[in-house]
Every structure is written in C-alpha cells, then in structure tokens.
Amino acid sequence: MTKKQILVVGRHQDTNEKVLHLINSNEQWIGKGSITDENALEMYQNGAFDMALLSGGIEVESGIKLRAAFTEKNPDVVVLQHFGGIGTLTADIEKAFQ
Amino acid sequence: MENTILHKADTRGEANHGWLQSKHTFSFANYYNPERMHFGALRVLNDDIVDGGMGFSKHPHDNMEIISIPLEGDLEHKDSMNNLTVIKNGDIQVMSSGTGIQHSEYNKNTDSKVKFLQIWVFPNAKNVTPRYDQITLNAADRHNTFQQILSPNSDDAGVWIHQNAWFHLAKFDKGTSKEYSIKSKGNGLYVFNLSGDIKAGEQVLNARDGYGIWDFEKLNISADSEAEFLLMEVPMQL
C-alpha cells in the first residue's frame, strides 16, 4: 500500500517537529515540513503530496493563499487546517482521507 | 454604521469522533468554510462534548491564546509546564502557548460527559513565554449583569491574555436588559448565547446562536427568557 504523503506547513519549528512525529508514527503516512510559505510551495511543486496540513502560526491570509496554490496544482489534494494544535489530529487526518 | 454577522446554531460545522461531539462556529480541522474563518482576533469557538474518560491526547500549540470554559463536568489538564489540574463548571482556564507548549485534556469522570467551550484568540505578541492559569468564578456575580472573566490586564478581574480582549459572562432573568459599551475603539463584540432567548440590539438569538457586531459603541442586550450568554470583545484588525 502506498503511503500517503503529508506536507506540514507551520511557523514554529518545534511544533512542526512534534506534529511530524505524530504523523510519521503512523506507518501509512509520511510527513515533511516547512516553516515558510515559499519553501512549502517549492516542496509542493516538486513533490506528490496527498495532503497539506496548515499548522501552527499560519496567518489567515497565508492559509488562503496556500490553499489556493495547493488546489490549483492538484484539485484533489486534501487541505486540512490545524492552526495551532488539535488534539484530534490523527483522527482528523484519517477522516479527511476517507 | 455598524456591521453585523449572524451565525445560527444549526449552521455551525460539526465533528463526530464518537467520543467527541464538537460544533465549530469557525473553520476548524475538517470543517472549512471560507466565510467563517474568524471574527477579528477570535479564531476558534468550539462547543465540545467529551464522553466519560475520553479526551485529547498530548498535542502541541504555539502562538495562540487558548481559553477553556467548562459548562458541565470536570476536565483534567496536563501540560509540558508540569501543570496537572482539573477545571470544572464555574472555572475558566487560560493558556498562552507562545513559544510552544504541549498538553492533554481528558474528561476526569468515566461515568458522565464533560461539556466545555474551547476558544482560541490570536495573540498580540508572538513567541511569549508560555503560561497557564485558571480561576474559579463566582456565578452570583453574573446575575443580571456582565461578569468580566477575561481582560488584557493581569491586575483586572478574571484571567488575562496577550490580546486587547475582554470576555464577560451573564445570566439574565427574563425581562432583564443591559447595555454593553465597547471597551476599546476598533474592537468588535461576538455574542454567543449559551441558553435561553436574548436580543442583541434587535437581533433575536436562541441557544447556541452567535452574533458578531463591529463599528459600534453600545449594544443593548435583553433577555426574553432566563438566559446565559458569553460576550467576547476582540480587536477586529489582526
């Protein structure tokens, strides 16, 4: 089974790493992270992500722009907002992939 | 000229995780509505019900002011600053996540549900030192008046946060009417009706309806039945 690839965009390195740890502890997912929009867009263009997770510290305007850019390249990508931490992260990702 | 927005209770987003039933006033997790991203600095207003013994496992936050108001039951909080506490109906908890914090929240009781409001406010300062606080409110102090439960000032009533925001709780008898005056120019007010029927200006609000108003100075709030509601004054410019 192909692993789902998840791009985590959050402003805070430490939080990003904790979110990535949660994601990568699921054997069906591979998470990669970025703390800047520019790097995230570059990673997204060069990757094959199934989900973009908008994580802690992403400004509302940045979230809107990133969502538009991600869906423009791949209308089927799942964009999940996670501004600042969600206790149901794993369940929300599972639900979003259903 | 004032501006307003109405969020009827049954138009909120919904999440059902089995153990967690949550209603989202603003976009959150798998609920995305570009028209409902935030009200000024108020980013999240979740109306949560958690089954007995269940809860949110350890997860990170940063740069967000997080306020929890239990409505029923007991919520156990544990965080990376070594706080292990229980908050119950009548308490208010605040967490400034700042440079980063991890915490978990569980229903303390195994035989009853916990109901609480989870509120996130964008801070006015980034990367502050994380802090945690909780206080017990005197319910009598909100009878037919506005009880301040949160402010920007550490020496003021209620808890404080890193934002130019004021929260009040009120419990009105039927027929009670009172005027709210905005505390800081440029702020807006979000009224969340917890129970009963009220009028915010001319707008009728039933249980769990939300109503935002900005570019105004005073708002009359009256109760058409016994009612309890939460007022959240927040900056409209981020």
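That block above? That's the structure.
These numbers come from a predicted model, not from an experiment.

Chemist: Could you give an account of the overall build of chain A, naming the residues involved and the relevant values?
Modeler: The helix and strand tally for chain A stands at 4 helices and 4 strands. From first element to last, N terminus to C terminus, chain A shows the α and β order β-α-β-α-β-α-β-α. Along the first, second and third principal axes, the C-alpha set of chain A runs to 30 × 25 × 20 Å. Residue pairs in contact within chain A that sit at least 24 positions apart in sequence constitute 74% of those at least 6 positions apart. Counting every atom, chain A has about 4600 Å² of accessible surface; 49% of that belongs to carbon and sulfur. Positive and negative side-chain charges in chain A, numbering 9 and 13 respectively, have mean positions lying 3 Å apart.

Chemist: Residues and numbers for the sheet that holds strand E21 (residues 218-223) of chain B, please.
Modeler: Residues and elements named next belong to chain B. Taken in spatial order, the 4 strands of this open sheet run E16-E21-E18-E19, and their pairing is antiparallel. Each of the sheet's edge strands pairs with one partner strand only, and the pair in question is strand E16 (177-181) and strand E19 (203-205). Pairwise comparison of adjacent strand axes, ignoring direction, gives a mean angle of 25° for this sheet. Pairing of E16 with E21, which is carried by 5 bridges, proceeds in the antiparallel orientation. Along E21, the bridge assignment pairs Lys178 with Ile221.

Chemist: Explain the pairing of strand E9 (residues 91-96) of chain B residue by residue, including any values.
Modeler: All names here are of chain B. Counting buried positions along E9 yields 6 of 6 residues, so the element is predominantly enclosed. Here E9 shows no split at all, with Asp91, Gln93 and Met95 on one side and Ile92, Val94 and Ser96 on the other all buried. Alignment of strand E6 (residues 65-72) against E9, held across 4 bridges, turns out to be antiparallel. Bridged to Ile66 within E9 is Met95. Inspection of the sheet shows E9 paired to strand E12 (residues 131-136) by 6 bridges, in the antiparallel sense.

Here is what the cut-offs are and how they apply
Residues numbered from 1 in each chain as written. Chains lettered and ligands numbered in written order. Predicted model: local features only at pLDDT ≥ 70, side-chain atom pairs only at ≥ 80, totals over all residues. Heavy atoms only, no water. Helix = DSSP H or I, 4+ residues; strand = E, 2+ residues; numbered from the N terminus. Contact = heavy atoms within 4.5 Å. Areas by Shrake-Rupley, 256 points an atom, 1.4 Å probe, with all protein chains shown as cover. Lys, Arg positive; Asp, Glu negative; His and termini not counted. Charge placed at Lys NZ, Arg CZ, Asp CG, Glu CD. Pairing = 2+ DSSP bridges. Axes fitted to C-alpha atoms, helices over the stretch in contact; angles between N-to-C directions. Buried < 20%, exposed > 50% of the residue type's maximum accessible area, 1.4 Å probe, protein only.

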